Amino acid sequence: VVLSSGFLYFNLLLLYFVQKDHVVPIYVINLLISDLIQMSCMMVFVTNPNNGSMLVYLITLMASLGFMMCVALERCLIVYRPLWYRINRSVKVSVLICVIVWLFPLVPLALDIFFQTDIIFATFFLLPLPVFVFSLVGTLKSLSAAISVSSEEKRQIVGAVVLVFLIYVLLFLPIVINLLPNKWYLSLFDVSNTFIRLSPLADLVLYVFMGKGATDKLRALLCCCRKETQRPKQQVLTVSGDRTGTVSSM
């Protein structure tokens, strides 16, 4: 409750300082904060496992999944409903959604205390799957029809949506498979637990792709590497007695 109240205060400050005509990536900022708290909790847990850091970690983990869903939906709406998005986007609405995302993990925690079953957490982690699938399919289908969106922004949107989907499938679904039978399998638990703890590091790639000009820089780097590996052979003239010829060299 204290953690959720703190981030409620943070989002209210964000609402106060952000200008009305300039919408910052609020969901990405909150996702970054949740990732930083997760990494801090993992380091604290190693030194002192009995200080409640895992409870905070679980709350921020569920919140980060919610913000990933918000990022995917927002990127999808830019190309799927661009006019509606430009008219209805608002800092106040975004901050309200962020507050809900921070408070919502308290619901499965309370239900788990009452029912004592892991299926509750498995259901929570499985709920975003239709949203991610809809965002990916809707983005890819609407990409060519989005005339008002620049090509650079389209590459950023596709990169962000695809990365969010892959992060969810590769890092979050294994823990769902482990929790659904309501029975722990040690080997599967170790693998899924390792994967889900890599999610803050995987989000770093998402931040890079959502940066301005990131995709162009990546393409330029790949093109340079390709040119280096496919450099044309030079023709060198050689003279040997009465015969002349060419020798290929790099």
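Cut-off values and rules
Residues numbered from 1 in each chain as written. Predicted model: local features only at pLDDT ≥ 70, side-chain atom pairs only at ≥ 80, totals over all residues. Heavy atoms only, no water. UniProt positions renumbered as here; feature names shortened; annotations may be inferred. Helix = DSSP H or I, 4+ residues; strand = E, 2+ residues; numbered from the N terminus. Buried < 20%, exposed > 50% of the residue type's maximum accessible area, 1.4 Å probe, protein only. Contact = heavy atoms within 4.5 Å. Areas by Shrake-Rupley, 256 points an atom, 1.4 Å probe, with all protein chains shown as cover. Salt bridge = Lys/Arg side-chain N within 4 Å of Asp/Glu carboxyl O. Core = buried A, V, L, I, M, F, W, Y, C linked by side-chain atoms within 4.5 Å. Patch = residues over 30% accessible without salt bridge, like charges linked within 9 Å, V, L, I, M, F, W, Y side chains within 5 Å.

As named in an unreviewed UniProt entry, the protein is G-protein coupled receptors family 1 profile domain-containing protein, taken from Mastacembelus armatus. The UniProt entry for the protein carries this comment under Subcellular location (unreviewed entry): "Membrane".

### A look at the overall build of the protein
Check the secondary structure of the protein and you find 12 helices and 2 strands. Taking all 250 residues of the protein together, the buried fraction comes to 39%. Expressed as a percentage of contacts within the protein between residues at least 6 apart in sequence, the contacts between residues at least 24 apart total 73%. Summed over its atoms, the accessible surface of the protein is roughly 15,000 Å², and 69% of this surface lies on carbon and sulfur atoms.

### Some words on the pattern of salt bridges
As enumerated under the stated definition, the model contains 1 salt bridge in all. In this structure, the salt-bridge partner of Glu74 is Arg75, at a minimum N-O distance of 3.7 Å.

### A look at the nonpolar core
Core analysis: the biggest nonpolar cluster contains 46 residues, and Phe67, Met68, Phe125, Phe132, Val164, Tyr168 and Phe172 have the highest contact counts within it. For this core, the secondary structure elements donating two or more residues are helix H2 (26-47), helix H3 (53-80), helix H5 (91-103), helix H7 (119-126), helix H9 (151-179) and helix H11 (199-209). Residues within four places of Phe125 in sequence aside, it is in contact with Leu61, Met62, Leu65, Tyr168, Phe172, Ile175 and Val176.

### Structural notes on the UniProt feature "transmembrane region" (unreviewed entry) in the protein
When the UniProt feature table is mapped to this numbering, "transmembrane region" (unreviewed entry) covers residues 52-73, 93-113, 119-137, 157-180 and 186-209. Secondary structure across residues 52-73 comprises 95% helix and 0% strand; the distance between its end C-alpha atoms is 33 Å.

### What to know about a nonpolar patch on the surface
Side chains of Leu96, Ile100, Phe104, Val107, Leu111, Phe114 and Phe115 sit close together on the surface and give an oily, nonpolar patch of about 730 Å² of accessible area. Of all the elements in the fold, those that place two or more residues in the nonpolar patch are H5 and helix H6 (106-115). Here the nonpolar patch takes 4 residues from H6, the largest share from any one element. Within the secondary structure layout, Phe115 lies in helix H6. The class of Phe115 is exposed, set by a relative accessible area of 52%.

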